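Given next are the chains, with one letter for each unit.
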Amino acid sequence: MSLKTKNINHLTVHSIAQVVNGTISGAPVDTEQKIEYAFASDLMSDVLMLDTNDITLITGLANPQVIRTAEMSDINLVIIARDKKCSSEMINLARENNITIIETPYSVFKVSGLLYNQGIKPIF
Amino acid sequence: MNIKFDIEGGNFSSAGLASSEVKRLLKQLNIDIKTIKRLVVAMYEAEVNIVAHAYQGEADVEINEDHIKVVFTDHGPGIDDIDLAMQKGYSTASEQVREMGFGAGMGLPNIKSHADKLNITSEVGKGTRVEIICYLNA
Ligand SMILES: Nc1ncnc2c1ncn2[C@@H]1O[C@H](COP(=O)(O)OP(=O)(O)OP(=O)(O)O)[C@@H](O)[C@H]1O
Ligand SMILES: [Mg+2]
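What this report covers is the structure whose coordinates are included nearby. The residue numbering used here restarts from 1 in each chain and proceeds along that chain's sequence as written. For this description, chains carry letters from A and ligands carry numbers from 1, given in the order in which they are written. With pLDDT at 70 or above as the cut-off, local features in this predicted model cover only qualifying residues; side-chain atom pairs require 80 or more to be listed or tallied, and sums for whole chains, interfaces and linings still use all residues. Derived side-chain values reflect all non-hydrogen atoms in the structure, with water molecules and hydrogen atoms excluded from consideration.

## Here we look at the sheet that holds strand β5 (residues 100-103) of chain A
All names here are of chain A. The six strands lie next to each other as β1-β5-β4-β3-β2-β6, forming an open sheet whose pairing is mixed. Each having just a single partner strand, β1 (23-26) and β6 (121-122) make up the two edges of the open sheet. Pairs of residues are marked as contacts when any of their non-hydrogen atoms sit within 4.5 Å. To get an axis, a line is fitted to the C-alpha atoms, and for a helix only the part in contact is used. The angle between two axes follows their N-to-C directions and goes from 0 to 180 degrees. Labels follow the DSSP assignment, with helices taken as runs of H or I lasting at least four residues and strands as runs of E lasting at least two, numbered in each case from the N terminus. Sheet strands in contact with helix α4 (residues 64-72) are β3 (55-59), β4 (77-80) and β5, and its direction is about 155° off that of β4. When DSSP finds two or more bridges between two strands, those strands count as paired.

## So, the pairing of strand β4 (residues 117-123) of chain B
Residues and elements named next belong to chain B. The sheet contact formed by β4 and strand β5 (residues 127-135) spans seven bridges and is antiparallel. Looking at β5, one finds that I120 is bridged to V130. The antiparallel pairing of β4 with β5 creates a hairpin that spans three residues between the two strands, and G125 there sits at a positive phi of about 85°.

## Points about the sheet that holds β5 of chain B
Residue and element names in this part refer to chain B. Ordered by their spatial adjacency, five strands build an open sheet running β1-β2-β3-β5-β4, and the pairing between neighbours is antiparallel. Two strands lie at the open edges of the sheet, namely β1 (2-8) and β4, each paired on one side alone. Neighbour to neighbour, the strand axes of the sheet diverge by 10° on average, direction disregarded. Docked against the sheet, helix α2 (residues 33-53) engages β1, β2 (56-63), β3 (67-75) and β5, running at close to 5° with respect to β3. Sitting on the sheet, helix α5 (residues 107-114) touches β4 and β5, and the angle it makes with β4 is about 145°.

## Details of the site of ligand 1
What makes a residue near a molecule or strand is one non-hydrogen atom of that residue sitting within 4 Å of it. Of all residues adjacent to ligand 1, which total 21 residues, the nearest are H53, S91, T92, G103 and M106 of chain B. Nearby residues around ligand 1 are contributed by chains A and B. Between ligand 1 and N49 of chain B, the relevant distance is 2.9 Å, taken from an oxygen atom to a side-chain nitrogen or oxygen of the residue. For this analysis, a polar contact is any N or O atom pair within 3.5 Å, provided that within protein one partner can donate a hydrogen and the other can accept it, and provided that sequence-adjacent residues contribute only side-chain to side-chain pairs. Here an oxygen atom of ligand 1 and a backbone polar atom of G103 of chain B are 2.6 Å apart. Only the protein chains shown count as cover for residues, and all accessible areas are computed by the Shrake-Rupley method using a 1.4 Å probe. Protein burial of ligand 1: of its 600 Å² of free accessible surface, 96% is covered by the chains. Among the secondary structure elements, those contributing two or more residues to the shell around ligand 1 are α2 and α5 of chain B. All residues other than Ala, Val, Leu, Ile, Met, Phe, Trp, Tyr, Cys, Pro, Asp, Glu, Lys and Arg, Gly among them, are scored as polar; the first ten of these are nonpolar and the last four charged. By residue class, the composition of the shell around ligand 1 is nine nonpolar, ten polar and two charged.

## Considering the side chain of K37 of chain B
For K37 of chain B, the position within the fold is in helix α2. Despite its burial, K37 of chain B pairs with no opposite charge, the nearest such side chain being D74 of chain A at 5.1 Å. One polar contact links K37 of chain B to N53 of chain A, side chain to side chain, over a distance of 3.0 Å. Setting aside anything within four residues of it in sequence, one finds K37 of chain B in contact with L50, D51, T52, N53, M72, S73 and D74 of chain A. For each residue, the accessible area found with a 1.4 Å probe, counting protein chains only, is set against the maximum for its type, and the residue is called buried under 20%, exposed over 50%, and partly exposed in between. All tallies of charge rest on Lys and Arg as positive and Asp and Glu as negative; His and the ends of each chain are not included. What counts as a salt bridge is simple: a side-chain nitrogen of Lys or Arg found within 4 Å of a carboxyl oxygen of Asp or Glu.

## Notes on the packing of α4 of chain A against α2 of chain B
Where α4 of chain A meets α2 of chain B, the axes come as close as 9 Å, and the angle between the chain directions of the two elements is 150°. Judged by the angle between their axes, α4 of chain A and α2 of chain B are roughly antiparallel. Contacts between α4 of chain A and α2 of chain B involve Q65, R68, T69 and M72 of chain A from the first element and K37, V40, V41 and Y44 of chain B from the second. Of the residues belonging to the contact of α4 of chain A with α2 of chain B, the class tally is four nonpolar, two polar and two charged. Should an angle fall under 35 degrees it is taken as roughly parallel, and over 145 as roughly antiparallel, whereas 65 to 115 is taken as roughly perpendicular and any remaining angle as oblique.

See the structure below:
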């Protein structure tokens, strides 16, 4: 919340998990990865429409199609909000496709607000 | 090279298998990642449409020197007004499909914007044929 944190315009996967009080599953974390952009949606076609690469998806849905959508869109970090639990099918699919999942008890709105506040940028 | 995939209507847990396999294969063939993304996003939308709107179908993938062609054919209700179906936001998706995160009416417009060519023909009460072409050096 301080000006100092606001100046940082990227976060690591671990720091994002910390900010949203989340648990990490799926593919092993790429500790080098810097997260800069995020997009929040419960509509998979809206996600598939984007032509930006390397974004983080924030969603309130927890089903295998969320992971499939991430796979097709080259998204490798998915934040599942609202305390929805991922099935083992989702986690396996994520591992196979090198996608890391963060499950958080917070709502999509809260996750978005917290990350925005940390300097994560919207794509539009 | 030709590959054929069966697509089961209504089965959301296997939706995307064909697109996923093709993505893996194209990566192995060292096709550039932008082209891969354009093709697989278009394929995935067409695949999900069969799962969401039809009973049963298949994807026939043809990988050529300069382009990839994928033809989706299904047995299903067909599309009465293709121009209407192509409009952003038009959807007849069921409640169950919407709960899965689909039904925004953006799939067909998405295919059009990602693929280099899109051809749809349909017969009401019989089924739909969706042909997608992506050029490799576009
Ligand atoms: N294979 C198909 N068989 C029958 N109807 C189809 C088929 N594909 C599309 N349609 C019809 O065209 C409409 C628009 O399709 P489109 O993919 O654009 O949107 P959607 O599938 O409803 O939602 P979204 O793709 O955003 O999840 C569908 O709602 C459906 O009525
Ligand atoms: Mg669709």
